[in-house]
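Spelled out from the first residue to the last, the chains are:
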Amino acid sequence: MNSIDTGRRRQVDGLTAPGKASFDWAILFAALALVVPASGLAGAFFADRSRRKGYQRWKAALAMALWCVFLGVVLTGFLKMPVFP
Amino acid sequence: MRVLAPSSRALPRIALAMMVIFVTAAFGAIDSAPPAHADTAAGTVSGEGGDALNPVMIKLLHDDGAALTPDFGSYTNVDVDQAIADFVGTAPNTFNADFVVTERPLTAAESATAAANGRSFVYVPFAAAPVAIMTFVPNDTYQGSQTIAPSQFCQHIDLTVNDLAEIFGYDTTSPFVNWGDSRISSCTSQGATADPIPITRWGNLDPTMENYALLSLLNSTPSALGYLQAGITQAIATNNAEQTTTSATSENWPYASPAIPGGDEALLGKILQLNPLTDTPSTQAALLSLGAVTPVSSVWTGAPLGVELNLPTAAIQNAQGSFVSPSVVSATASEADATLAATSNPLTNNLVTYNPSSTDAAAYNTYLMLQSYLVIPTNGLPADKATALAQFIRFVLGKTGQADIESFGAAPATPAMVAAGLKVAGVLNAEAALTSTANAISATSTTTTTTPASGGGSSVVAGGAGSSGSGSSSTSGLAFTGSDPVPLVILGTALVVIGECARRGLRRRSARS
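Structural notes on the overall build of chain A
Step number 1: Along the backbone of chain A there are four helices and zero strands.
Step number 2: Going from the N terminus to the C terminus, chain A shows its helices and strands as α-α-α-α.
Step number 3: Burial analysis of chain A (85 residues in total) assigns 35% to the buried set.
Step number 4: Carbon and sulfur atoms provide 68% of the accessible area of chain A, an area that totals close to 4,800 Å².

Next up, the structure:
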């Protein structure tokens with residue numbers, strides 16, 4: 001019982017940690033970067049904002065933003081679309 | 001506390017499950033949408049149209065060929081009506097052309113047919129070619145020798161609308177006797193006067209916009225219309241096997257003889273006796289149809305087949321009163337007086353209206369201006385074709401494409417037309433991207449193998465574009481073209497905002513407990 005409560009507490013702490021919202025925004029913009037690579041820059045900005053607020057997983061968001069920018073550039077280049085629409 | 005604890009623990013799982021259900025349903029909706037497909041060959045962007053801009057289209061597709069890879073661009077002259085019929089389709093999702101080059105907007109019936117068959121489209125104005133009145137008349141330096149040189153033809157005879165009407169119609173009181181008639185002005189280049197040989201009006205037996213343009217000009221004044229009607233009546237009386245008994249504006253040539261089917265090339269081939277191997281016109285006067293007068297696209301009067309034809313053309317009186325011959329300069333001037341429609345209705349958006357100007361001395365007669373449009377489908381194309389078409393539009397409206405157009409004697413697009421066309425190219429790219437993504441998702445959802453995140457991302461690129469070429473005619477992703485990515489962005493934003501709200505709720509609840 002005690003371990004369940006501890007686990008739940010940890011989960012709630014993880015969800016409500018400072019910088020989690022910026023982390024979420026970073027992931028959203030990173031996903032968008034697959035179609036509009038320029039939005040990956042916004043993803044990187046939010047990843048950095050997440051870092052400044054002390055969220056420990058900010059590196060994952062930054063890596064995803066950069067990786068999605070790369071994929072987005074490859075995809076748009078392959079489809080001959082402009083990187084900055 | 002006892003009631004809240006289990007539901008709080010289950011909350012993330014429920015949220016996750018709902019998200020999975022929602023995403024699955026969204027992609028299911030994409031996949032279950034009715035498929036649209038073209039019946040044109042996979043990997044070939046098939047264009048059709050009339051002959052007015054045929055040499056230009058061949059040049060444009062040739063110069064852009066490498067950039068269209070892996071697709072191949074083609075253009076076939078099948079006459080403008082047949083091209084549009086192929087484009088609008090014969091049955092739902094059954095089309096025989098991927099794009100069309102037309103010099104007229106689609107009729108209401110054609111648009112309705114396209115809509116009924118599941119195809120929406122937009123216009124991209126990209127070139128404006130004058131309809132030249134070719135006057136194949138020697139000047140007075142020609143003394144009846146066996147051969148005739150290009151310099152021995154009468155260039156730019158000044159013709160009013162009534163002159164044209166009397167030439168293509170009939171003046172019952174005092175008909176033109178021949179090209180030496182005193183009412184016809186003299187040549188403006190070498191040789192002072194035209195050779196007094198009989199006037200022979202030639203026409204195109206196919207429905208063409210060159211025919212339409214000339215007939216609309218002859219219908220523009222009552223006196224000209226009277227001459228035209230008299231000409232048709234006289235043709236009936238003299239057994240000239242008339243095509244029609246009315247002088248109404250039409251794509252069909254009113255006289256049956258001499259008239260040649262197959263477009264401008266076939267018509268000029270007969271008049272000039274073009275060598276089928278070298279495309280050079282004959283210099284044997286006896287073989288040539290001297291005295292011929294016919295409307296042709298000015299694109300065909302220069303060097304449409306790589307060999308200089310240097311055809312003599314008339315200078316037609318414009319609305320200002322000046323006599324202007326067909327050229328890039330006069331076409332551009334006429335185009336500058338035109339207006340480009342900007343409406344929310346794709347059936348009328350980007351259509352160009354030529355306005356006669358009473359002050360523009362340089363403009364070619366507006367009735368004889370042909371505005372060429374690329375008619376582009378905005379749904380139903382495979383990703384590769386949509387991408388290739390977008391690229392082609394950018395090329396056509398770009399520096400090289402516009403220079404190609406000018407080199408044939410047509411006016412390039414105005415900056416407003418270029419901007420409108422580039423917008424269409426962007427729409428096509430977005431469609432292609434969505435189609436590719438939908439295809440890739442469809443492909444990955446059927447193969448339930450677990451792949452690393454990066455590997456999955458790469459397969460989206462390759463699968464989306466690579467498979468679209470071969471599987472183009474029946475892939476379900478085609479129905480996705482025309483969808484808007486904005487709803488997905490809004491959905492993502494909403495999810496993040498909902499997450500933030502839930503987070504604040506959790507914080508409050510934690511603080512209370």
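Focus on the confidence of the model for chain A
Step number 1: For chain A, the mean per-residue pLDDT works out to 83, and 85% of the residues sit at or above 70.
Step number 2: Looking at the elements of chain A, mean pLDDT is at its lowest for helix α1 (residues 2-15) of chain A, recorded as 71, and at its highest for helix α3 (residues 39-52) of chain A, recorded as 92.

Things to note about the pattern of salt bridges
Step number 1: A full pass over the atoms with the stated rule returns 14 salt bridges over all chains.
Step number 2: Ionic pairing is found between B:Glu251 and B:Arg104, a salt bridge with its closest N-O pair at 2.9 Å. A residue pair is termed long-range when its members are at least 10 positions apart, and B:Glu251 in the loop between α7 (222-237) and β8 (259-260) and B:Arg104 in the loop between β3 (99-102) and α4 (108-116) qualify at 147 residues.
Step number 3: On the basis of relative accessibility, which here comes to 10%, the residue B:Arg104 falls in the buried class.
Step number 4: The network of salt bridges with common partners includes A:Lys20, A:Asp24, B:Glu500, B:Arg503 and B:Arg504.

Section: α7(B)
Residue and element names in this part refer to chain B.
Step number 1: The first and last C-alpha atoms of α7 sit 22 Å apart over 16 residues, in line with the 22 Å expected at 1.5 Å per residue.
Step number 2: Looking only at α7, the buried set comprises Ala224, Leu228, Ala230, Gly231, Ile232 and Ala235.
Step number 3: Of the surrounding elements, those touching the buried residues of α7 are α5 (161-168), β6 (200-201) and α6 (209-218).

Some details on the side chain of B:Asn429
Step number 1: Note that B:Asn429 resides in helix α12 (residues 415-446).
Step number 2: For B:Asn429, the side chain forms a polar contact with the side chain of B:Arg394, separated by 2.6 Å.

Observations regarding the pairing of strand β1 (residues 44-49) of chain B
All names here are of chain B.
Step number 1: Along β1, six of the six residues are buried, which leaves the element largely enclosed by surrounding structure.
Step number 2: Burial along β1 is two-sided: the residues Thr44, Ser46 and Glu48 and Val45, Gly47 and Gly49 are all buried.
Step number 3: Relative to strand β2 (residues 72-77), β1 runs parallel, the two being bridged by six bridges. Note that in β2 the partner of serine 46 across the bridge is serine 74.

A look at the sheet that holds strand β5 (residues 158-159) of chain B
Residue and element names in this part refer to chain B.
Step number 1: Here three strands make up an open sheet; going across it, the order is β5-β10-β11 and the pairing mixed. Every other strand in the sheet has two partners, leaving β5 and β11 (323-324) as the edge strands with one partner each.
Step number 2: Relative to β11, strand β10 (residues 315-317) is paired through two bridges, and the arrangement is antiparallel. Residue isoleucine 316 lies in a different strand from β11, and its bridge partner there is valine 324.

Cut-off values and rules
Residues numbered from 1 in each chain as written. Chains lettered and ligands numbered in written order. Predicted model: local features only at pLDDT ≥ 70, side-chain atom pairs only at ≥ 80, totals over all residues. Heavy atoms only, no water. Helix = DSSP H or I, 4+ residues; strand = E, 2+ residues; numbered from the N terminus. Buried < 20%, exposed > 50% of the residue type's maximum accessible area, 1.4 Å probe, protein only. Areas by Shrake-Rupley, 256 points an atom, 1.4 Å probe, with all protein chains shown as cover. pLDDT = per-residue confidence, 0-100. Salt bridge = Lys/Arg side-chain N within 4 Å of Asp/Glu carboxyl O. Expected span 1.5 Å × (residues − 1). Contact = heavy atoms within 4.5 Å. Polar contact = N/O pair within 3.5 Å; in protein donor to acceptor, adjacent residues only side chain to side chain. Pairing = 2+ DSSP bridges.

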